[in-house]
Amino acid sequence: MTDAANAGFTPRIFSGIQPSGGLTLGNYLGALKRFVEKQDEGIETIYCLVDMHAITVWQDPAKLRDQTREAAAGFIAAGIDPKRSILFNQSQVPGHAELGWILNCVARLGWMNRMTQFKDKAGKNAEAASLGLYAYPALMAADILLYHATMVPVGEDQKQHVELTRDIAAKFNHDFKVDFFPLPEPVIEGAATRVMSLRDGTKKMSKSDPSDASRINLTDDADAIAQKIRKARTDAEPLPETLAELKDRPEARNLVNIYAALASEAPETVLERFAGHGFGAFKPALAELAVATLSPISTEMKRLMADPAEIDRLLGQGAERADALARPILERTQDIVGMIRSRRG
Ligand code: TYM
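A brief report on the enclosed structure follows. (Residues numbered from 1 in each chain as written. Predicted model: local features only at pLDDT ≥ 70, side-chain atom pairs only at ≥ 80, totals over all residues. Heavy atoms only, no water.)

Description of the packing of aromatic side chains
Counted by the stated rule, this structure contains 14 aromatic pairs. When the ring of Phe172 is compared with that of Phe176, the centres are 4.7 Å apart and the planes differ by 45°; the resulting orientation is tilted. A relative accessible area of 0% means that Phe172 is categorised as buried. By relative accessible area, Phe176 is classed as partly exposed at 31%. Seen in terms of ring centroids, Phe172 and Phe181 are 4.9 Å apart; in terms of plane orientation they differ by 65°. Their pairing is edge-to-face. Accessibility classification places Phe172 together with Phe181 in one group, the buried group. Through a chain of ring-to-ring contacts, three or more aromatic side chains come together here, namely Phe172, Phe176, Phe180 and Phe181. (Phe/Tyr/Trp six-rings, centres within 6.5 Å; stacked < 30°, edge-to-face > 60°. Buried < 20%, exposed > 50% of the residue type's maximum accessible area, 1.4 Å probe, protein only.)

Given below as structure tokens:
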């Protein structure tokens, strides 16, 4: 624990992924692979498929259900053990919405107005965006604080939201004169905290990009993965010896970072091996590594997806465990705020 403010709190990890489309290589390297590493470090880990966040933009109901199950299958196939970690979908634990409302009343409009993800997602016509999309970061703060989580592994793009969570927690503690919520730390580690599009090295790889060639999906088969890497945009220069020389070559830098993250190596180590080689040599090596890493995951996902009832059962069990942790924290929050809780049963 690096933050003195969290000295009295048990280290606990919480993170979430929106089931608003298939999982991408960006989700895998920036989040999921690291979720598995944290689980294996023996810290208590809680992972959530945030379906309530997903509906801040339109979701077809049948697809949302499928994508939530597919994401759960992706987590398990990548190595999340539903016995060791708590794995569930957000809407099955009502405390998220309940604490979310209280935190809506703590967060300030000025803070929300600075959130870059809202500006990106709402686009030019912010008046037509849902109220939920605007309040989204306060619900994310509730996700984390509902469990008194102290660490939040995320990709670079979520850093601002975790920092907002700290601000909301600090304001709550200050307003009510308590030391109740920890100030959670964003944990942004590794070579691939921001995986870029394969078609444009200045844009984030995203499940919502209209071009499927821009991303690798966890459900892609070996041929699709190899083809997307072969067609990925690059430049004509050979790979350099140092990372500094990749500064103005976003596409090349992205592929080196992807290689490094897949191999669990430093990008410098990858350059040591490939310096002087062109993409004609590097891309096949990257494709081979990507297929070797991702194919077993997609095969296992398919196997798990064949039994949706079993996935639902596992999510239900995870939700019960999550609820048991969340309930006393929510009730203490309600007491602090001054809400009467006299209902029996
Ligand atoms: P989401 O669903 O957009 O992404 C899930 C996780 O994947 C990471 N990620 C990436 N990392 C590297 N490169 C990329 N191209 C890339 N694309 C996505 C994200 O940083 C994230 O860690 N608001 C969150 C979901 C959320 C959440 C939470 C996260 C809701 N509540 C509480 C942590 C804690 C989101 O939209 O992530």
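Concerning the environment of Pro182
By the secondary structure assignment, Pro182 is in the loop between α8 (159–175) and β5 (185–187). C-alpha of Pro182 to C-alpha of Thr234: the two residues are 52 residues apart in sequence and 44 Å apart in space. (Helix = DSSP H or I, 4+ residues; strand = E, 2+ residues; numbered from the N terminus.)

A word on the packing of helix α7 (residues 131–145) against α8
At a minimum axis separation of 9 Å, α7 and α8 run at an interaxial angle of 75°. As far as their axial angle goes, α8 and α7 are roughly perpendicular. Within the contact between the two elements, α7 uses Tyr136, Pro137, Ala138, Met140, Ala141, Ile144 and Leu145 and α8 uses His161, Val162, Leu164, Thr165, Ile168 and Ala169. When its residues are assigned to classes, the contact of α7 with α8 shows 11 nonpolar, 2 polar and no charged. (Axes fitted to C-alpha atoms, helices over the stretch in contact; angles between N-to-C directions. Parallel < 35°, antiparallel > 145°, perpendicular 65-115°, else oblique. Contact = heavy atoms within 4.5 Å. Nonpolar A, V, L, I, M, F, W, Y, C, P; charged D, E, K, R; others polar.)

Comments concerning the site of the ligand
Residues in close proximity to the ligand total 27 residues, the closest being Gln18, Tyr136, Asp143, Asp157 and Val195. In this structure, Asp143 approaches the ligand through a side-chain N or O atom, which is 2.6 Å from a nitrogen atom. Relative to its free-state accessible area of 710 Å², the ligand is covered by the protein chains to the extent of 97%. Sorting the residues of the shell around the ligand by element identifies β1 (12–17), α1 (25–40) and α7 as the ones contributing at least two each. Classifying every residue of the shell around the ligand gives 12 nonpolar, 10 polar and 5 charged. (Near = heavy atom within 4 Å. Polar contact = N/O pair within 3.5 Å; in protein donor to acceptor, adjacent residues only side chain to side chain. Areas by Shrake-Rupley, 256 points an atom, 1.4 Å probe, with all protein chains shown as cover.)

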